[in-house]
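The lines below spell out each chain.
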Amino acid sequence: MIDATRRLILAGMLMLTVAGCAAKAPTGPNGEPLQRLAIVTTSGEHPFWVEIADDEPERQRGLMFRPPLDADRGMLFQWPGEAPREQSFWMRNTPSSLDILYIDPKGRIVSIASHATPFSEAPIPSNGAANGVLELRAGRAAEINAQPGDKVLHPYFKP
């Protein structure tokens, strides 16, 4: 009877440990927790884990010198407290191609630059006012059927 009780208690502790691990957010390359973000398109809601770049050094560094992103990862660039404006990105020192999604304050995609050329210093304009930019692995926007006007769900954007 004691062995059965002991096994039951150990099994319960193991289940709690596994559940606790499953609920924990993954971390980025510097150990920072990643945040949840979703893109809602005609093909459904597509979840991603994103790193946040919300200060000038982080925004300048972006995904430079980094390996390609996993399919469910990205980087969300934010300008807290700043008005939306025309944005322009480049791919300096970025070794893998990216999709760049420009997003307005309400979370609507303004424009998408697909398959940005690695290492290019050519400016890639937003073609409209944006205060958020999401970088994904090249081709992901097309895979999920993302289009201008689609919704990005994240606490940074106010519906």
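Structural data are supplied above this passage.
To keep things clear, this report deals only with the structure shown in the data block. (Residues numbered from 1 in each chain as written. Predicted model: local features only at pLDDT ≥ 70, side-chain atom pairs only at ≥ 80, totals over all residues. Heavy atoms only, no water.)

1. What to know about the nonpolar core
Basically, it comes down to this: Think of a nonpolar core as a cluster: buried Ala, Val, Leu, Ile, Met, Phe, Trp, Tyr and Cys residues, connected wherever their side-chain atoms sit within 4.5 Å. Accessible area is worked out with a 1.4 Å probe on protein chains only. A residue is then buried under 20% of its type maximum, exposed over 50%, and partly exposed in between. Strands are runs of DSSP state E lasting at least two residues, helices are runs of H or I lasting at least four, and both sets are numbered from the N terminus onward. Throughout, a contact is declared for two residues whenever any of their heavy atoms are within 4.5 Å.
Core analysis: the largest hydrophobic core is formed by 32 residues, its most contacted members being Leu-37, Ile-39, Ile-100 and Leu-134. Of all the elements in the fold, those that place two or more residues in this core are β1 (35-41), β2 (44-53), β3 (73-78), β5 (98-103), β6 (109-116), β7 (124-130) and β8 (132-137). In terms of residue count, the dominant contributor to this core is β5 (5 residues). Apart from the residues lying within four places of it in its own chain, the contact partners of Ile-100 are Phe-89, Met-91, Ser-111, Ile-112, Ala-113, Ala-116, Ile-124, Val-133, Leu-134 and Glu-135.

2. Thoughts on empty space enclosed by the protein
Stated formally: Buried and open spaces are told apart on a 1 Å grid over the protein atoms alone, a cavity being a set of points where a 1.4 Å probe fits but cannot get out and a pocket being an open set with protein on both sides within 12 Å along at least five of seven lines. Residues with an atom within 4 Å of a point are the lining residues. Grid points are joined across faces, edges and corners, and a volume is the space filled by probe spheres set on the points.
Under the criterion given, the structure shown has 1 cavity of 30 Å³ or more. Considered as a void within the structure, the largest cavity measures approximately 30 Å³ in volume.

3. Describing the environment of Thr-41
Along the chain, the position of Thr-41 falls in strand β1. Taking the relative accessible area as the measure of exposure, Thr-41 reaches 9% and is therefore buried. Along the chain, Thr-41 and Gln-147 lie 106 residues apart, while their C-alpha atoms are 7.4 Å from each other. Every residue in contact with Thr-41, bar those within four places of it in the chain, is listed here: His-46, Ile-144, Asn-145, Ala-146 and Asp-150.

4. Looking at the pattern of salt bridges
Applicable threshold: The term salt bridge refers to a side-chain nitrogen of Lys or Arg lying within 4 Å of a carboxyl oxygen of Asp or Glu.
The full count for this structure, using the stated rule, is 7 salt bridges. For Arg-73, the salt bridge goes to Asp-72, with nearest N and O atoms at 3.5 Å. Among the residues examined, Arg-73 registers a relative accessible area of 23% and is labelled partly exposed. Put simply, Glu-143 and Arg-137 hold a salt bridge, and the shortest N to O gap is 3.1 Å. Classification of Arg-137 as partly exposed rests on a relative accessible area of 25%.

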